[in-house]
Amino acid sequence: MEKHQPKDASELKGKTGLRRLMNAAKYSAQGFRGAWQTEEAFRQEAILACVMLPVAVLLPVTTVEKLLLILGLFIVLIVEILNSAIEAVVDRFGGEIHPLSGKAKDLGSAAVLLALTICAIIWCTIPFTNFIL
């Protein structure tokens, strides 16, 4: 049985209630699957997050500090997905070199760098202040 393919984006609009939630969950799953399949940086960061998440939970630090450690990991994943979305939209419009396309991609990359920096600061500061000082 073939899945119904919408003819245009208007067929996806106007859903409410449970149908909207089911569609949102399906689109989110497609987004995660797409990021995992096509984005090497996302795969690396997701694997690292899977390793670091249990560490955050098991560290003998306060609940707020655990939450900050976990939040730092999720911020990186969120920003990486947004950066991939920006790149996909830019690439959709063709391969021609345009200053605004480059700027959009550079800004997305800068956002990922900032997210990684925030995560690194959190993951260096909390263990340092709890176990070294």
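Everything numeric here is computed off the predicted structure, so don't read it as measured data. Counting starts from 1 at the beginning of each chain's written sequence and moves along it residue by residue. Where local features are concerned, this predicted model is filtered to residues with pLDDT of at least 70; where side-chain atom pairs are given and counted, the filter is 80 or more; whole-chain, interface and lining totals use all residues. Working from all heavy atoms in the structure, the side-chain values ignore hydrogens and water.

A.B. asks: Even after reading the chapter, I still don't get the side chain of Lys 66, so can you show me in this structure?
C.D. replies: Helix and strand definitions here come from DSSP, where helices need a minimum of 4 consecutive H or I residues and strands a minimum of 2 consecutive E residues; each element is numbered from the N-terminal end. Mapping Lys 66 onto the fold places it in helix H3 (residues 63–92). Partly exposed describes any residue whose relative accessible area lies between the buried limit of under 20% and the exposed limit of over 50%, with all areas from a 1.4 Å probe on protein chains only and scaled to the type maximum. The sign given to each residue is positive for Lys and Arg and negative for Asp and Glu; His and the chain ends receive no count. Whenever a carboxyl oxygen of Asp or Glu lies within 4 Å of a side-chain nitrogen of Lys or Arg, that contact is scored as a salt bridge. Notably, Lys 66 is buried but unbridged: the nearest opposite-charge side chain belongs to Glu 65, and the N-O separation is 8.2 Å.

A.B. asks: Teacher, can you tell me more about the pattern of salt bridges here?
C.D. replies: All chains considered together, the criterion is met by two salt bridges. Ionic pairing is found between Arg 43 and Glu 40, a salt bridge with its closest N-O pair at 2.4 Å. Of this pair, Arg 43 and Glu 40 both sit in helix H2 (residues 40–58), three residues apart, which is roughly one turn of that helix. Lys 105 is the partner of Asp 91 in a salt bridge, and the nearest nitrogen-oxygen pair spans 2.6 Å. Note that Asp 91 is positioned in helix H3 and Lys 105 in helix H4 (residues 99–131), a separation of 14 residues in sequence. Taking relative accessible area as the criterion, Asp 91 reaches 46% and is therefore assigned partly exposed.

A.B. asks: Even after reading the chapter, I still don't get the environment of Val 61, so can you show me in this structure?
C.D. replies: Inspection of the secondary structure puts Val 61 in the loop between H2 and H3. Separated by 14 residues in sequence, Val 61 and Ile 75 place their C-alpha atoms 20 Å apart. Any two residues having at least one pair of non-hydrogen atoms within 4.5 Å are treated as being in contact. Those residues in contact with Val 61 that sit more than four places away from it in its chain are Lys 66, Leu 69, Ile 126, Asn 130 and Phe 131.

A.B. asks: Can you walk me through a nonpolar patch on the surface in this structure?
C.D. replies: Judged by side-chain polarity, Leu 53, Val 57, Leu 58, Phe 74, Ile 78 and Leu 82 come together as a nonpolar surface patch covering roughly 590 Å² of accessible area. Listing elements by their share of the nonpolar patch, those giving two or more residues are H2 and H3. Every patch collects residues that have over 30% relative accessible area and no salt bridge, joining them within 9 Å if they carry like charges and within 5 Å if they are nonpolar side chains (Val, Leu, Ile, Met, Phe, Trp, Tyr). Where accessible areas are quoted, they stem from the Shrake-Rupley method and a 1.4 Å probe; at the residue level, only the protein chains shown are allowed to cover.

A.B. asks: How do you make sense of H2 when you look at a structure like this?
C.D. replies: Given 3.6 residues per helical turn, the α-helix brings residues three or four places apart onto the same face. Expected helix span is taken as 1.5 Å per residue step, with the number of steps being one fewer than the number of residues. For H2, which comprises 19 residues, the first-to-last C-alpha distance of 28 Å matches the rise-based estimate of 27 Å (1.5 Å per residue) to within 8%. Consider a residue and the seven residues that end there alongside the seven that start there; fitting an axis to each set, the bend is the angle between those axes. The largest bend in H2 comes to about 25°, at Val 51, with the proline Pro 54 one to four residues further on. Buried within H2 are the following residues: Phe 42, Glu 45, Ala 46, Ala 49, Met 52 and Ala 56. Tucked inside the fold, the buried residues of H2 contact helix H1 (17–38), H3 and H4.

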